Amino acid sequence: MSFENANYQWQQGERRLRSEPPERRPLMERVTDALVAELRRRLGGRFSSDELVALYGRSTGWCLQVAMKVAPEDPWAWEAGVVVDAAFGRYLREATDYAGGRREIGA
């Protein structure tokens, strides 16, 4: 998967999360936050956007387990196209080669 494709999906996830109904958004934000914490655990403090894309491309199956743990009674809060993509999009901002809303090529 290319960075451009992944980043597009992640941006769409963040957009979808923002557009969730107000009564659903807090729980979906908690799931997203838990996924970001797990990404931090898996990739550590220093990572590149390519490493994040590679993790996304390999498998996001583990994300469902995290979502189910946070919201076991609310399967609507597990929507991968929302919470998983939003989490990856948020974590991208911490990549060593990503700043100011774009990837720094050659960094």
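The following paragraphs examine the structure supplied in this document. All values derive from a computational prediction rather than experimental measurement.

1. Some thoughts on helix α4 (residues 61-70)
Then step 1. All of the buried residues along α4 are Trp62, Cys63, Val66 and Ala67. One side of α4 carries all its buried residues, which in axial view fall inside an arc of 140°. Opposite the buried face of α4, at more than 90 degrees from it, the exposed residues are Gln65 and Lys69.
Then step 2. For α4, the elements touching its buried residues are α2 (25-43), α3 (49-58) and α5 (83-92).

2. Notes on the environment of alanine 71
Then step 1. Within the secondary structure, alanine 71 is located in the loop between α4 and α5.
Then step 2. For the pair alanine 71 and glycine 61, spaced ten residues apart in the sequence, the C-alpha separation amounts to 16 Å.
Then step 3. The residues touching alanine 71, leaving out its near neighbours within four places in the chain, are Leu27, Val31, Ala77 and Trp78.

Rules used throughout
Residues numbered from 1 in each chain as written. Predicted model: local features only at pLDDT ≥ 70, side-chain atom pairs only at ≥ 80, totals over all residues. Heavy atoms only, no water. Buried < 20%, exposed > 50% of the residue type's maximum accessible area, 1.4 Å probe, protein only. Helix = DSSP H or I, 4+ residues; strand = E, 2+ residues; numbered from the N terminus. Arc of directions from axis to C-beta. Contact = heavy atoms within 4.5 Å.

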